[in-house]
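Observations on chain architecture
The chain contents come next:
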Amino acid sequence: MKKVVLITGGSRGIGAASAIQLARQGYQVAVNYKSNHAAAAQVVAQIRAQGGIADSFAADICDEAQVIQLCEDIKSQLGPISHLVNNAGVLATQMRVEDMTAERINQMLCANVTPYFICAREVLKQIRAYHQVDKCAIVNVSSAASYLGSANEYVDYAAAKGAIDSFTRGLSLELASDGIRVNCVRPGCIYTDIHADGGEPDRVDRLASYLPLQRGGKPEEVANAITWLLSEQASYATGTFIDLAGGK
Ligand code: NAP
């Protein structure tokens, strides 16, 4: 079976590392991004230079119509999608709950929760129409924030990731009898650009010594788990979580 994977937010950080690893495993990779075309083009070029197949696809996954169009475009250009890495996520400036507006909280929930549902829905349509379903799989990228709570930083983001944990369990149970596996990774402090969005680009360095492993993580270390969970090697795993948080 031809394996076509959609990685939301595949242009940078954990998504980019996953795109490169999955291409090495023989997946044709759809690198989704929102606006940073240069970063997406660089990931695609790296995959092609290694002999892999990839294309970049601009789409704001917070917009349902754009997700529908994205999945259609991938089907036309690479073939029907068989695997999904629900990865794109955003942070907002660090603040305490007492200072949060409804607008900000809603924005965090809309940006980090709803797109995972909509992307899964659209990919599942293609899985059911074109693939042997029990060869297909989904990995959701949640966060250690879901069980740590992100106090004094972004409890709204942590709550959104808690929703992704519930989504993982629920969707995995809905799809288990079809053999479609749904699993989740929960990264901790990983060296990517996302911390700048929270207002603290060097956050990982600040927290590294407090972690049991006493260092931040690399995007590739999360990509390793995503690649395994997506693969047939993980054929008896569904509804499970791998925490990549340096022992937290
Ligand atoms: P990142 O380096 O900031 O990259 C974010 C990626 O998501 C980029 O490719 C970006 O596209 C894309 N993106 C953002 N909003 C989008 C939208 N509305 N539509 C389409 N693409 C969008 O992020 P990261 O640190 O790798 O995080 C990836 C996932 O891991 C997120 O779910 C995050 O919550 C989770 N996570 C990260 C950490 C960490 O320490 N880094 C820890 C726990 C969990 P552009 O390039 O176009 O902007």
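Residues numbered from 1 in each chain as written. Predicted model: local features only at pLDDT ≥ 70, side-chain atom pairs only at ≥ 80, totals over all residues. Heavy atoms only, no water.

Below, the discussion takes up the overall build of the protein chain. Scanning the protein chain for helices and strands turns up 10 helices and 7 strands. Taking 248 residues into account, the globule formula puts the C-alpha radius of gyration at 18 Å, and the protein chain, at 17 Å, falls close to it. Along the longest, intermediate and shortest principal axes, the C-alpha atoms of the protein chain span 50 × 40 × 35 Å. A burial count over the protein chain gives 52% of its 248 residues as buried. About 11000 Å² of surface is accessible on the protein chain, with carbon and sulfur atoms providing 51% of the total. The distance from the centre of the 22 positive side-chain charges to the centre of the 25 negative ones in the protein chain is 6 Å. (Helix = DSSP H or I, 4+ residues; strand = E, 2+ residues; numbered from the N terminus. Rg over C-alpha atoms; globule rule 2.2 N^0.38 Å. Buried < 20%, exposed > 50% of the residue type's maximum accessible area, 1.4 Å probe, protein only. Areas by Shrake-Rupley, 256 points an atom, 1.4 Å probe, with all protein chains shown as cover. Lys, Arg positive; Asp, Glu negative; His and termini not counted. Charge placed at Lys NZ, Arg CZ, Asp CG, Glu CD.)

Burial of the side chains of strand E4 (residues 83-86) extends over both faces: His 83 and Val 85 are buried on one face and Leu 84 and Asn 86 on the other. Inspection of the sheet shows strand E1 (residues 4-7) paired to E4 by 3 bridges, in the parallel sense. Paired with Val 5 across the strands is His 83, a residue of E4. (Pairing = 2+ DSSP bridges.)

Here we come to the site of the ligand. Around the ligand sit 32 residues in total, of which Ser 11, Ser 35, Asn 87, Tyr 157 and Thr 192 are the nearest. Gly 9 places a polar main-chain atom, nitrogen or oxygen, 3.3 Å from an oxygen atom of the ligand. Ile 190 places a main-chain nitrogen or oxygen 2.9 Å from an oxygen atom of the ligand. Surface burial for the ligand is 95%, taken as the share of its 910 Å² of free accessible area covered by protein chains. (Near = heavy atom within 4 Å. Polar contact = N/O pair within 3.5 Å; in protein donor to acceptor, adjacent residues only side chain to side chain.)

On to helix H2 (residues 37-49). Each turn of an α-helix holds 3.6 residues, which means side chains three or four residues apart point in the same direction. Helix length check: H2, at 13 residues, gives a terminal C-alpha distance of 18 Å against a target of 18 Å (1.5 Å per residue), a fit within 8%. Note on H2: the residue one or two positions beyond its end, Gly 51, has a positive phi of about 90 degrees. (Expected span 1.5 Å × (residues − 1).)

Right, let's get into the UniProt feature "domain: Ketoreductase" (unreviewed entry) in the protein chain. Here the UniProt-annotated "domain: Ketoreductase" (unreviewed entry) positions come out as residues 3-179. Structurally, residues 3-179 is divided into 52% helix and 14% strand, and its ends, taken at the C-alpha atoms, are 16 Å apart. (UniProt positions renumbered as here; feature names shortened; annotations may be inferred.)

In this section: the sheet that holds strand E5 (residues 137-141). One open sheet accounts for 7 strands, arranged E3-E2-E1-E4-E5-E6-E7; its pairing is parallel. Bordering the open sheet on either side are strand E3 (54-58) and strand E7 (241-244), each of which pairs with just one other strand. The mean inter-strand angle of the sheet, taken between neighbouring strand axes irrespective of direction, is 15 degrees. By the bridge criterion, 4 bridges tie E1 to strand E2 (residues 28-33) in an arrangement that is parallel. (Axes fitted to C-alpha atoms, helices over the stretch in contact; angles between N-to-C directions.)

On to helix H4 (residues 102-112), then. Along H4, the positions that sit buried rather than exposed are Arg 104, Met 108, Ala 111 and Asn 112. When H4 is viewed along its axis, its buried side chains cluster within an angular range of 85 degrees and face the same direction. Of the exposed residues in H4, those oriented more than 90 degrees away from the buried face are Ala 102 and Glu 103. Looking at the buried side of H4, the elements it contacts are helix H5 (114-130) and helix H7 (155-175). (Arc of directions from axis to C-beta. Contact = heavy atoms within 4.5 Å.)

Taken as a whole and judged by the stated rule, the model has 0 disulfides. Counting only cysteine sulfurs, Cys 110 is the nearest neighbor of Cys 62, a cysteine outside any disulfide, at a range of 7.6 Å. On the basis of relative accessible area, Cys 62 is assigned to the partly exposed category, the value being 46%. Summary of cysteine pairing: Cys 184 is not part of a disulfide, and the nearest cysteine sulfur, belonging to Cys 119, is at 15 Å. (Disulfide = S-S within 2.5 Å.)

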